Protein chains: 2
Amino acid sequence: MSTTATLDTVETRIADLVSTFVRLPQGVRLDESCEPILQATTHQAVTSSEGGKRLRALLALDAYRALGGDAGRERRDAMLDLSCAIEVFQTAALVHDDIIDDADLRRGKPAAHKALAGPDHDAALGVGLGIMLGDLLATASVDIANDAAHRLPSADAINRAFLTMHREVEIGQVLDLAAVHCPMADPARLARTSLDVFRWKTASYTTIAPLELAMLAAGYPPEQARSCALDVGEPLGLAFQLTDDLIDVIGSSSATGKPVGGDIREGKRTVLLADALAGATDEQRGELIAVFEADARTEAQTARVIDLFHHTGAIERSRRRIEELWRRSLDAIAHMPADDDARRTLTAACARFVPSVHYTPREPGSM
Amino acid sequence: MSTTATLDTVETRIADLVSTFVRLPQGVRLDESCEPILQATTHQAVTSSEGGKRLRALLALDAYRALGGDAGRERRDAMLDLSCAIEVFQTAALVHDDIIDDADLRRGKPAAHKALAGPDHDAALGVGLGIMLGDLLATASVDIANDAAHRLPSADAINRAFLTMHREVEIGQVLDLAAVHCPMADPARLARTSLDVFRWKTASYTTIAPLELAMLAAGYPPEQARSCALDVGEPLGLAFQLTDDLIDVIGSSSATGKPVGGDIREGKRTVLLADALAGATDEQRGELIAVFEADARTEAQTARVIDLFHHTGAIERSRRRIEELWRRSLDAIAHMPADDDARRTLTAACARFVPSVHYTPREPGSM
């Protein structure tokens, strides 16, 4: 299992890779009037990259080791870079996501497009530079992955899997924007749609791609890597997003850097909302729909919705959903072509994504 | 030289590649409430891809053939796809560029983020989907290039050159946003800054990358491909952008799909403006600075600026700049490791980028 030392290594390596990528070639001299904005952007590339939990990189690294990936120095370094590339891609996606949501904060600091608006608070400049920063980081992620892939087995398959991850997240973001139109009158449909969004927007790069890339780097054939990564990673990624949504309602603000109830305040159509609508009385349902159809929600309304999420059984229902999905991941791990030690390590690595679930480890192969 | 038939082939292939990339895998069923927005986005991916002049694809194809690229079916098809990938990347960049500039039109049709605002004119939705469409097309371009590279010599070098192109354009866009702060009081600095922006934002993917990719695909060693592409492509790309800016002032609106004087109306700091400031009387200079420092420009002011561009000699100065840059490209072509036939074809392919210049073809090797 990865340790705090691994986390430090990942953090340092990401900063190195990103700052190298955004640096201009030596000998290029630009007019001094361009310097402040160019420097602000390259500085923000590193700032935006800092402070993630690195769950995705750690999953990829742990899965690689668990599944017998070559422990030689060169291969380990390449696998570290590939894992960092996933994190750099996440930062790219978050920078664009924050523009789309017009979010103020990210990881407890100003969102990139807010920071880039500069001392004059030039919102249009901030958005313009933010779009470009996201583009630069997305290119950086492919470049880093591409470079790492050449030092690992199955370079082609790794490059393809990395681009598939990009594509799935981008489609997921489109689905997320489309899901706002899903009618609240049909809670089952609303829950299904939210889970579709989770599959594409979150599970794709959070759990599926780290597992798939680790298996490819460890030498598994591409088809097997893809199917195992989907079997384990899809339910795990959904469970992770459900957990994240649950923490948003019941968790502490220090844990996520976001205030409690943020999703409700934004009017997000979550699975929690769908489950609350499904378990609500007619009166409660009417109240929820009115609150979520409004342009904005007050603090009092947000608190009331949290109460309703409890009273309608939605919180409990989400916990059961998470347990059920986690159980599916465990079953898939039990079926993986790996030994018992590998399955145990992999189980522990996957369990990081569902901190709210007190799972009972099974004996490998007992199912 | 490429013909109209080549242009049709490029156009059809781009539509095929883009629509394949954005299509969801078979068997994926999403809630019907998501369908209209998802379909609008995938449809817009193709619409935004239509109707370019394809100068970049044609340069890559002509250079590949001129420089002795393998004429076998498989290699030719791969080179076609690689050339299309450059065009798909351009579309990705234009979609984001139009959001940054809040442009209404592109290639005579509504800009992507305007079209995606939908029947409700939901500007935030349009921008959100537009950002994602640009991201999707950027990923598509890398995916298409990657796939083509594997069917050509120097796959690794082609992938790297393609990502370098992405990176340079993204940095160029940041420089463009920064250049707004370049002071008009120093016209020489303003001109130099604009030319820096042209190098990164335009020449990178318009002329340098198509030449470099064609040379790599034709089997030239990476260092030689890069240095020849820079020698020929950098001045050619600058000449192309100067020509484009000149057409914006003196050309017909039917040729570009944009009304005359658009750059002036937007207050763009161009080389033409720098040259006008350099050649102006004190009174004219004061007038130009006042007009360009204002938040907006009227039709009358735009017409007056066009007059001043003529009277200060800026138009004539731009023509001379274009001729001088074109001469540098011709000299670089004369030094290329290729035979006379190849140089002639390459010269004709490059001449497409400077339609306003009536160049005198030299005898190859005569300089």
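This structure is a prediction, so every number in the text was calculated from the model and none was measured.

1. Things to note about the packing of aromatic side chains
All names here are of chain A.
Working step 1: Taken as a whole and assessed by the stated rule, the structure comprises four aromatic pairs over all chains.
Working step 2: With a centroid separation of 5.9 Å and 85° between ring planes, the pair formed by Phe89 and Tyr205 is classed as edge-to-face. Of this pair, Phe89 sits in helix H4 (residues 73-101) while Tyr205 is found in helix H8 (residues 187-217), placing the two residues 116 residues apart along the sequence.
Working step 3: Taking relative accessible area as the criterion, Phe89 reaches 3% and is therefore assigned buried.

2. Quick notes on helix H2 (residues 35-49) of chain B
Because an α-helix packs 3.6 residues into every turn, residues spaced three or four apart end up facing the same way.
Working step 1: Taking 1.5 Å of rise per residue, 15 residues should cover 21 Å, and H2(B) covers 21 Å from first to last C-alpha, within 8% of that figure.
Working step 2: Listed in full, the buried residues belonging to H2(B) are Ile37(B), Leu38(B), Thr41(B), Gln44(B), Ala45(B), Val46(B), Thr47(B), Ser48(B) and Ser49(B).
Working step 3: Structurally, H2(B) contributes buried residues whose contacts are with helix H7 (155-179) of chain A together with helix H1 (4-22), helix H4 (73-101), strand E2 (109-110), helix H5 (112-115) and helix H6 (123-149) of chain B.
Working step 4: Immediately downstream of H2(B), the backbone of Gly51(B) shows phi near 85°, a positive value.

3. Re the packing of helix H3 (residues 55-66) of chain A against helix H16 (residues 340-351) of chain A
Residues and elements named next belong to chain A.
Working step 1: For the pair H3 and H16, the least separation of the axes is 9 Å and the interaxial angle reads 175°. In terms of orientation, H3 lies roughly antiparallel with respect to H16. Here Leu59, Asp62, Ala63 and Ala66 of H3 lie close against H16, whose contacting residues are Ala342, Thr345, Leu346, Ala349 and Cys350.
Working step 2: Of the residues in the contact of H3 with H16, the class split is seven nonpolar, one polar and one charged.

4. Quick word on the relation of the copies chain B and chain A
Working step 1: Expressed as a screw transformation, the operator carrying chain B onto chain A has a rotation angle of 180° and an axial translation of 0.0 Å, and the superposed copies differ by an RMSD of 0.0 Å. Such values leave the two copies arranged in the relation of a two-fold axis.
Working step 2: Most of the interface of chain B is mirrored in chain A, where 100% of its interface residues are also at the interface.

5. Things to note about the nonpolar core
Working step 1: Judged by nonpolar contacts, the single largest core of 249 residues is most densely connected at Phe162(A), Phe309(A), Phe162(B) and Phe309(B).
Working step 2: Ranked by residues supplied to this core, first place goes to helix H8 (residues 187-217) of chain B with 16 residues.
Working step 3: Apart from residues lying up to four places away in sequence, Phe162(B) is in contact with Leu82(B), Ala85(B), Ile86(B), Phe89(B), Ser141(B), Val142(B), Ala145(B) and Leu213(B).

6. Focus: the environment of Asp62(A)
Residue and element names in this part refer to chain A.
Working step 1: Mapped onto the secondary structure, Asp62 falls in helix H3.
Working step 2: Residues Asp62 and Cys350 lie 288 residues apart in sequence; the distance between their C-alpha atoms is 9.4 Å.
Working step 3: Among all residues touching Asp62, those that are not within four sequence positions of it are Met1, Ser2, Ala349 and Arg352.

7. Some details on the interface of chain B and chain A
Often the size quoted for an interface is simply the accessible area lost on bringing the parts together.
Working step 1: Chain B puts 53 residues into the contact, and the matching count from chain A is 53 residues.
Working step 2: Here chain B and chain A share an interface that buries about 4,800 Å² over both sides, 67% of which is from carbon and sulfur atoms.
Working step 3: If you look at where chain B meets chain A, you find six salt bridges.
Working step 4: One salt bridge in this structure joins Arg160(A) and Asp147(B), with 3.4 Å as the shortest N-O distance.
Working step 5: Our count for the chain B to chain A interface comes out at 14 residue pairs in polar contact (both at pLDDT 80 or more).
Working step 6: Only H1, H2, H4, H6, helix H7 (155-179) and H8 of chain B provide two or more residues apiece to the side of chain B that touches chain A.

8. A word on the domain arrangement of chain A
All names here are of chain A.
Working step 1: Considered domain by domain, chain A is made up of domain 1 (1-27 + 34-152) and domain 2 (154-367).
Working step 2: Measuring from the centre of the C-alpha atoms in domain 1 to the corresponding centre in domain 2 gives 23 Å.
Working step 3: Contacts between the two partners involve 31 residues from domain 1, matched on the other side by 35 residues from domain 2.
Working step 4: Summed over both sides, the interface of domain 1 with domain 2 buries roughly 3,000 Å², with 74% coming from carbon and sulfur.
Working step 5: By the criterion of area lost to domain 2, the three top residues of domain 1 are Leu59, Leu67 and Phe89, representing 24% of everything that side buries.
Working step 6: In this structure, the connection of domain 1 to domain 2 is made through two salt bridges.
Working step 7: Here Arg352 ties to Asp62 by a salt bridge, and the two come within 2.6 Å at their closest N and O atoms.
Working step 8: The interface formed by domain 1 and domain 2 holds seven residue pairs in polar contact (both at pLDDT 80 or more) in total.

The rules we used
- Residues numbered from 1 in each chain as written.
- Chains lettered and ligands numbered in written order.
- Predicted model: local features only at pLDDT ≥ 70, side-chain atom pairs only at ≥ 80, totals over all residues.
- Heavy atoms only, no water.
- Phe/Tyr/Trp six-rings, centres within 6.5 Å; stacked < 30°, edge-to-face > 60°.
- Helix = DSSP H or I, 4+ residues; strand = E, 2+ residues; numbered from the N terminus.
- Buried < 20%, exposed > 50% of the residue type's maximum accessible area, 1.4 Å probe, protein only.
- Expected span 1.5 Å × (residues − 1).
- Contact = heavy atoms within 4.5 Å.
- Axes fitted to C-alpha atoms, helices over the stretch in contact; angles between N-to-C directions.
- Parallel < 35°, antiparallel > 145°, perpendicular 65-115°, else oblique.
- Nonpolar A, V, L, I, M, F, W, Y, C, P; charged D, E, K, R; others polar.
- Least-squares fit on C-alpha atoms with pLDDT ≥ 70 in both.
- Core = buried A, V, L, I, M, F, W, Y, C linked by side-chain atoms within 4.5 Å.
- Buried area = accessible area lost by both parts, 1.4 Å probe.
- Salt bridge = Lys/Arg side-chain N within 4 Å of Asp/Glu carboxyl O.
- Polar contact = N/O pair within 3.5 Å; in protein donor to acceptor, adjacent residues only side chain to side chain.
- Domains from an automatic or database assignment.

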